Amino acid sequence: GKKGAKGGQAMMAKLAAARAAEHKKREEQLIIDEAERKAEEERKRKEKEEEERIRQEEKQKEIEVARAEYLRRKAEGDFLSEKEKLKRAKDEQARQELLKQIKSQESAAANRKDNKKEHYKKKKKPVKVEAEEAKDVPEESKTEHEEKKEEKEEEEQVDVDWEELAENTDRIDAIIKPKLSMDLTEITTDNLSNTEGNEAKESEVKEEETKEEPTKLPEKAPEKAPEKEAPKKQPAPKKESKEERKKVEVRAPILCVLGHVDTGKTKILDKIRKTKVQEGEVGGITQQIGATLFPRETLEEHANSIKGILDVKIKIPGFLVIDTPGHESFSNLRNRGSTLCDFAILIVDIMHGLENQTVESLNILKKYKIPFVVALNKIDRCYDWKGIEYASSKASYERNTQCQQQFNTLMNKVILQFAEQEVNACLYWKNDDPESFVSMVPTSAITGEGIPDLLTYTVKRIQETLARKIIYQPKLVCTVMEVKVLEGYGVTCDVILVTGELHVNDMIILSGFEGPIVATVRALLTPKPLKEMRVKGEYVHHESVRGTIGVKVCAPGLEDALAGSPLYCAHNEEEVEEYKREAGEELAAMIRKYISKHGEGIYVQSSTLGSLEALLELLKSNKIPVSGIGLGPLYKKHILKVMKASEKKGDREEYATILAFEVEPDKEADELIKKNSIKLFKASVVYHLIDSYKKHADECLYSL
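Residues numbered from 1 in each chain as written. Predicted model: local features only at pLDDT ≥ 70, side-chain atom pairs only at ≥ 80, totals over all residues. Heavy atoms only, no water.

> Break down the environment of Glu-50 for me, citing the residues and quoting the values.
For Glu-50, the location among the structural elements is in helix α1 (residues 2-76). Taking relative accessible area as the criterion, Glu-50 reaches 35% and is therefore assigned partly exposed. (Helix = DSSP H or I, 4+ residues; strand = E, 2+ residues; numbered from the N terminus. Buried < 20%, exposed > 50% of the residue type's maximum accessible area, 1.4 Å probe, protein only.)

Spelled out as structure tokens, the structure:
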């Protein structure tokens, strides 16, 4: 028994050893398999990276080829409009005229040389000079010596004239060659001063030569002084013009922020203002047009933070920034904001590239020829991006080496999309030709990176290109942006005062739905600097305001004011009648565009005119007729209008409807709505109202 037990134990030990060996062998095989799998994955990853690198290189080559082809065609004038071709022809004509002037100067100098030679030959030296020279020069060579001396003096005089002419020629070429597209008036006025100076000089020389007697050769030295001083008299008026320019007052330029919905337009402005406007918006999207004044101190603060990367001396008093909605429904507000602006910032999401409303905004800028820069937003979403608050995007790009490949890939995609829209684009620190290429500034609305670059570069471009446009003018230029109810003040108009002045008690005229509105200004309110005009808050009261600034105008009878129309200021009865006629034309265009001629359709009520226009634009695109419109809360008079219009509608039940955007009916109006079976749809997002009405219209159709 003991032997059997021992044999069984030995057998069990052998089996355990065999199992252990097999297990160990299996583990070793698993390790080998895992190593092979990892090696295979690494090989595939490297192949994929190599393929991606090759693909990116090919794409980059395609971009470079497309860019070269575009530049070639642009140089050949394929993209020039008729107006630009005519301008180029005028520039060439101006060049030819200047070249003719140069040739005429050359011929005049040559003629002057010949004339002076003849003149000097006729002159005789005084007796004293002849006696002194006779001591050193033999009598045989006296005549020869005199002729050589006269020729040498003449050559020296002619050489001076040629040097002046060469300087004028170089300056003319320096103006013409780099800037063939400059205005003809600029070329002629800048260069004709030299030709006038030369002509004056020639006339002085001729007069002096005719007055001078042949026997008074020693008096020639003092007569040369006025000839040399003649050109020095020309710069005097130029110095005065520079002093006058320094005294010219410059207004704040108007900037418009455009782009697709959810690209971060309001978020970037919030980061600059250090506010939270975007968080308070319904659905997180902008549905009204807003304006913010950025003072010079804010711009200087950001410019100082990136000194050494981008150095700019700020001369403008600040920015007035207009924030526009990005949703497709608000194309009217984008168009209204952009037509007012001097310069624009086009926001592009680097992750998504150019989207529908981005392209629409780009077309608006091209249509009105508004200069702009591109904010390449959301760079912080690049994988493993390490951001620093309000840092320069150039420094951040150079620091985040681990993200550069992904950033370059996304950026090249955006550049290609811009090229498809016939726009050249590149990073601002690589842009040596801002006239031909649009600059892109990488930004992050979360970390604030790139915002100092964006503001400072925008200031630089404005001061370089719009110096004349932003000169303050006394003439009143004012446009109504929004009409809204402000608690404690009633219905107010948000206006953009570009130039000129507005005062309390001024008589203003503007377009309205019921006809031209004539009112007296009771109050002028502005938000504090870096505060959004459309957000409720503390307002500053003014007796008078001057452009450029966003202002809330409080006056009676503004309920029916028409947004987008100009605001006029009249000083006498004749001006009132003239401006009323112009305002009536604006109203007629609005009614023809949106209101049904037959008086049938739904009724639309909104809190602001901008949102009302967006609703009307959506309804028009969906072919839904509108019988009437209104602003502010729903009252009994509005319901009565709907009831009166419903009598004309017959069996069209879907037309007995009111769409109310951000407004509520009062108690009396609510009772009338329920009593007369009128359908009321309320919402805080415009396209939700349209969806609700479409569903209701389908139900009415199926019930028939």
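> Give a description of a nonpolar patch on the surface that names residues and reports values.
Together, Met-11, Met-12 and Leu-15 make up a nonpolar patch on the protein surface, roughly 320 Å² of accessible area in all. Along the chain, Met-12 falls in helix α1. (Patch = residues over 30% accessible without salt bridge, like charges linked within 9 Å, V, L, I, M, F, W, Y side chains within 5 Å. Areas by Shrake-Rupley, 256 points an atom, 1.4 Å probe, with all protein chains shown as cover. Salt bridge = Lys/Arg side-chain N within 4 Å of Asp/Glu carboxyl O.)

> Go over the packing of aromatic side chains with me, naming the residues and quoting the values.
Considering all chains together, one arrives at five aromatic pairs under this definition. On the basis of an interplanar angle of 40° and a centroid distance of 5.9 Å, the ring pair of Tyr-397 and Trp-429 is categorised as tilted. In this pair, Tyr-397 sits in helix α12 (residues 393-399) while Trp-429 sits in the loop between β6 (425-427) and β7 (438-442), placing the two residues 32 residues apart along the sequence. Using a relative accessible area of 12% as the deciding quantity, one classes Tyr-397 as buried. (Phe/Tyr/Trp six-rings, centres within 6.5 Å; stacked < 30°, edge-to-face > 60°.)

> Give me the side chain of Gln-417: which residues, what numbers.
Position of Gln-417 among the secondary structure elements: in helix α13 (residues 404-420). By relative accessible area, which is 17% here, Gln-417 ends up buried. Not counting residues within four places of it along the chain, the set of residues in contact with Gln-417 comprises His-352, Gly-353 and Leu-354. (Contact = heavy atoms within 4.5 Å.)

> Pulling in residues and values, what's your account of helix α8 (residues 265-273)?
By the criterion of burial, α8 is predominantly enclosed, with eight of the nine residues buried. If you check which residues of α8 are buried, you get Lys-265, Thr-266, Ile-268, Leu-269, Asp-270, Lys-271, Ile-272 and Arg-273. Of the residues flanking the end of α8, it is Lys-274, one or two places downstream, whose phi is positive at about 60°.

> An account of the pattern of salt bridges is requested, with residue identities and associated values reported.
Tallied over the entire structure, the rule returns 27 salt bridges. Between Glu-47 and Arg-43 there is a salt bridge, with its nearest N and O atoms 2.5 Å apart. Pair noted here: Glu-47 and Arg-43 are both in helix α1, with a separation of four residues, about one helical turn. The partner of Lys-674 in a salt bridge is Asp-670, with the nearest N and O atoms 3.5 Å apart. With Lys-674 and Asp-670 both in helix α18 (residues 667-675) and four residues apart, this pair spans about one turn of that helix. Using a relative accessible area of 62% as the deciding quantity, one classes Lys-674 as exposed. Its relative accessible area of 26% is what places Asp-670 among the partly exposed residues. Linked through salt bridges whose partners overlap, the residues forming this network are Glu-435, Lys-460, Arg-461 and Glu-464.

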